[in-house]
Amino acid sequence: MLHATLRSLLARRARLLLAGLAVVLGVTFVSGSFVLTGTLGRAFDDLYALQYRDVGVQVRPATGAGAAEDDDEIRTGVPAALAGRVAAVPGVESATGIVSVDGARVIGADGKVVTTTGPSRLGSNWTGETALVRLRTGRAPASADEVVLNAALLDAAGLRLGDSVGILTTQPKRTFTVVGVMEYSGGRDSLGGNLEVSFHDSVASRLMLGRDGLFSAVEATPGTDAVRTAVSSTLGAGYRVQTGAELRAAARADAQSDLALFNGVLLGFAAVSLLVGIFLILNTFSIIVAQRTRELAVLRALGGSRWQTVGSVLVEALVIGVVAATAGLGLGIGVGWLLAWLFSGRSGTGLSGLGVPVAAPLVAYGVGVLVSLVAALVPALRASRIPVVAALRESATPDRPLTTPTVAGVLAGTLGGVLLGVGLARDGAPWWIGAGALAAFAGVTLLTPALARPVAGTAGLLFAGTVTGRLGRLNAVRNPRRTAVTATALMVGIALITGLNTVLASTTASLRDRVADRITADLMIAGDSSLADDPPAFDPAIVERVRAVPGVSAVAGTYRGDAVIDGQPGAVSVVTDLRALAGMYSVTATEGTLGELGPDQVAVDTATAGQRGLHAGSAVQVALAYGEPRTMTVVAVHTGGAAVGQWLLPASEAPHLEVPQVTNVDLTVAPGTSVPDVRRAVETLLADSPEITVTDRDGYLRRQTGRYDSIVTLVQLLLALAVLIAVLGVVNTLALSVLERTREIGLIRAVGLTRGQTRWMVTVEAVIIAVFGALLGVLTGVGLGAAAVRALHGSGLTTLALPWPRIGLYLLVGAAVGVVAAILPAIRAARTNVLHAISYE
């Protein structure tokens, strides 16, 4: 039996391998994600080992109670005198005050701010050459108006030694002279792609920390546990003391967290590939089992048992799984290395060799073999139930009734509808809606065979004007199960993509409605927050200069920062004219009165108030970046949300923020005044802030929706993957179908059908199947997307919008898939030898 199985497999190896290509793609993405993580993990390990090699013990401000150690901590400095205190601790050999803060924005030779897409733009104090940092050319800064740039920044800015350069920090733009170029150990131009400016020690603190007499950290040697314990006990709970090894471990954990995004994308592609691959292999084996009915029956008649028949089909699936997993693993290693190389080139992180974790081949073969066996199990069981006598009389098994899948589909769809209804009734309960969406999707999949004849037949009426068109239409609906499984391969991908696009379109529409209904500001001044973790800030004096522009009726500037409030991190805003801003954004108070805040008064948005159980009159303990913690009183609960500020503080608190500069300025123009004229006047005031732009409401909307561009790109990649797998599925189905109908094709050729008409007949069949899949995918995706929008109603998605242009595009893609997939099967059908076909068994 095994010998017969292997011979049968070799006879159909091309078709079976074609079915395995979907598994190859899935395994490629799965193994590629492991290789990417392993390779970049090694690179980051080496980078952080180098960066913290000479750090013994580092002292920083302690995080606030309940705050995270990174993004949510208040980024304050330590007093310069702390370096002396640390140096006096027994066992400490040396202590150095360090300024190293993200936010030094260099203006390049082209007049634009040099940006990055991940690495920091560091501003530091020059402390001399070390084992890590040394001068490549030039000299150290000797005065407050001289700087040293790292080689990567010098090149990115298009500058040379001796040039004047404008730099933006926590202070307004200042001009410096480049007197030196630094490099890092091993001749590196940067560390992990960072762009670094080293200032003279006399100005680094004021420029980067906003005040004189501060360091961002103190580093001491040696890095023993005894020294760390001694320093920690001497300084007390107000400081966080860590060894270089602990810093390396924390940095590596952060890097692994960032890499999780890449893994998520690749595993998402893998899930789509493997899910569609199951349908493709299922369809392939179903057709092959039908075509081998007589062969399998003969084996049964010669003594083969049912389980041997099942084993015969599963062995073929096992071979496909092993071959596909091997190919996918090889491709995955290549894809993972390529992505790691691209990432390192973009971020400046050098690679340290290829990393292939043990999990990569284990998961690759596990996934590849498991998916193949699961997909082939149903056809294998179907093959074992072939009646021997009936099979010897017929060349193919009769099509089975659709009662069971139809009833199951109706039940699953009904269950999905009930769960969705309950979820919507519970104000968008996500778990109910998610379960309902999955059940509804399963219902649609099970109902696809029952829908194949009416839907595909109706779509085929477009081609019913010719004999060949009618033949193609009849062939498409001849076997509903086969048509349904083939179409499902495309339906799954397009449903996911349409659902995502529906959510994105609804997000844009909701934001547009919110801007139209609530925002009355004529112009907004802000930087591009997508280029850095923190939004660019600029000189607060701009607020009064804008107010003095003729035609400006109201101006509100906003400072933003972090705080610890009642032991929990919170985002705070200080507004120069709260009444004006409230009017521009239609902000009202649900409790108390929203006016200009006095000393020790605070306003909180409704969501935060609800989470923390606060009301007007509640007392909260507020700790800002600078100054002592103190008690403030909630005087209003407002509807502005995070866009205006979770916590609103009085204008007198601006100097106590870590960056005492404004991040946004909103203004209205007096009636009868030209908005473009005012805009040009305001842009003139911002000549020294090239990263800050002036936009109107339409520009604000484009800026807010522009952040979804990467998601749209990802969606299009998913579409491309779904289309590729769908083409494989349709090609495989048509190729096997053409082989199955060899005699039929020979007969219609014998009665006068030309080769061109034969090609058109097969093409019509493919187009109908593909359009059927695309149509089901669009309808299912719209339903899933609408459910998701309703579930996210509380998060601001208040308007359901359908992406009509993309829906039309996906239907056209479906037709194109049919045309492309039909090329090879149509050519083969047209070349059928009439005499051989008529005698084909």
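The structure we're discussing is the one just above.
Since the model is a prediction, treat every value here as computed from it, not as a measurement.

## Some words on the packing of aromatic side chains
Right, on to step 1. The final tally for this structure, using the stated rule, is three aromatic pairs.
Right, on to step 2. Aromatic pair phenylalanine 44 and tyrosine 48: ring centres 5.8 Å apart, planes at 15°, arrangement stacked. Here the residue phenylalanine 44 and the residue tyrosine 48 both occupy positions in helix α2 (residues 13-51), the gap between them amounting to four residues, near one helical turn.
Right, on to step 3. Using a relative accessible area of 10% as the deciding quantity, one classes phenylalanine 44 as buried.
Right, on to step 4. Assessed through its relative accessible area of 14%, tyrosine 48 is described here as buried.
Right, on to step 5. Where phenylalanine 463 meets tryptophan 760, the ring centres are 6.1 Å apart and the plane angle is 65°; that geometry is what we call edge-to-face. Highlighted residues: phenylalanine 463 in the loop between α13 (430-459) and α14 (467-478) and tryptophan 760 in helix α24 (residues 755-791), separated in sequence by 297 residues.
Right, on to step 6. Looking at phenylalanine 463, the relative accessible area reads 21%, which means it is partly exposed.
Right, on to step 7. A relative accessible area of 38% means that tryptophan 760 is categorised as partly exposed.
Right, on to step 8. Seen from the ring of tyrosine 626, arginine 211 lies directly overhead, with NZ or CZ sitting 3.8 Å from the centre.

## Remarks on α14
Right, on to step 1. Along its twelve residues, α14 runs 16 Å from first to last C-alpha, staying within 8% of the 16 Å computed at 1.5 Å per residue.
Right, on to step 2. Residues of α14 that are buried: Thr468, Gly469, Gly472, Asn475, Ala476 and Val477.

## Thoughts on the packing of α24 against helix α25 (residues 804-830)
Right, on to step 1. With their axes 7 Å apart at the nearest point, α24 and α25 run at an angle of 150° to one another. As judged from the angle between their axes, α24 and α25 are roughly antiparallel. The way α24 lies across α25 gives a crossing that is right-handed.
Right, on to step 2. Its residues assigned to classes, the contact of α24 with α25 shows 21 nonpolar, four polar and two charged.

## Some details on a nonpolar patch on the surface
Right, on to step 1. Taken together, the side chains of Trp337, Leu338, Trp341, Leu342, Leu354 and Val356 present a nonpolar region at the surface, about 570 Å² in accessible area.
Right, on to step 2. Tracing the chain through its elements places tryptophan 341 in helix α9 (residues 306-347).
Right, on to step 3. The class of tryptophan 341 is exposed, set by a relative accessible area of 52%.

## As for the nonpolar core
Right, on to step 1. Counting 45 residues, the largest nonpolar core has Val59, Val147, Val197, Phe199 and Val231 as its most contacted members.
Right, on to step 2. Among all residues touching valine 231, those that are not within four sequence positions of it are Val59, Val86, Val89, Val92 and Val241.
Right, on to step 3. Membership of the second largest hydrophobic core comes to 37 residues, among which are Val602, Ala609, Val637 and Val678.

## Details of the pairing of strand β20 (residues 619-623)
Right, on to step 1. Judged from the two bridges that link them, strand β16 (residues 552-565) and β20 form a sheet pairing that is antiparallel. The residue bridging valine 564 from the neighbouring strand is alanine 623, located in β20.
Right, on to step 2. Inspection of the sheet shows β20 paired to strand β21 (residues 630-638) by four bridges, in the antiparallel sense. Considered in β21, the bridge of glutamine 621 is made with threonine 631.

## Topic: the pairing of strand β1 (residues 57-61)
Right, on to step 1. Taken across its five residues, β1 has four buried, putting it largely inside the fold.
Right, on to step 2. One ladder, built from five bridges, connects β1 with strand β14 (residues 239-243); its direction is antiparallel. Looking at β14, one finds that valine 59 is bridged to valine 241.

## So, the sheet that holds strand β13 (residues 217-221)
Two orientations exist for strands paired in a sheet by backbone hydrogen bonds: parallel and antiparallel.
Right, on to step 1. Taken in spatial order, the four strands make up an open sheet running β3-β13-β1-β14, and their pairing is antiparallel. Each having just a single partner strand, β3 (94-98) and β14 make up the two edges of the open sheet. For this sheet, the mean inter-axis angle between neighbouring strands, taken without regard to orientation, is 20°.
Right, on to step 2. Inspection of the sheet shows β3 paired to β13 by five bridges, in the antiparallel sense. Counterpart to serine 94 in the pairing with β13 is threonine 221.
Right, on to step 3. On the sheet, helix α6 (residues 225-235) packs against β1 and β14 and is oriented at approximately 175° with respect to β14.

Cut-off values and rules
Residues numbered from 1 in each chain as written. Predicted model: local features only at pLDDT ≥ 70, side-chain atom pairs only at ≥ 80, totals over all residues. Heavy atoms only, no water. Phe/Tyr/Trp six-rings, centres within 6.5 Å; stacked < 30°, edge-to-face > 60°. Helix = DSSP H or I, 4+ residues; strand = E, 2+ residues; numbered from the N terminus. Buried < 20%, exposed > 50% of the residue type's maximum accessible area, 1.4 Å probe, protein only. Lys NZ or Arg CZ within 6 Å of the ring centre and 35° of its normal. Expected span 1.5 Å × (residues − 1). Axes fitted to C-alpha atoms, helices over the stretch in contact; angles between N-to-C directions. Parallel < 35°, antiparallel > 145°, perpendicular 65-115°, else oblique. Left-handed = near helix turned anticlockwise from the far one by under 90°. Nonpolar A, V, L, I, M, F, W, Y, C, P; charged D, E, K, R; others polar. Patch = residues over 30% accessible without salt bridge, like charges linked within 9 Å, V, L, I, M, F, W, Y side chains within 5 Å. Areas by Shrake-Rupley, 256 points an atom, 1.4 Å probe, with all protein chains shown as cover. Salt bridge = Lys/Arg side-chain N within 4 Å of Asp/Glu carboxyl O. Core = buried A, V, L, I, M, F, W, Y, C linked by side-chain atoms within 4.5 Å. Contact = heavy atoms within 4.5 Å. Pairing = 2+ DSSP bridges.

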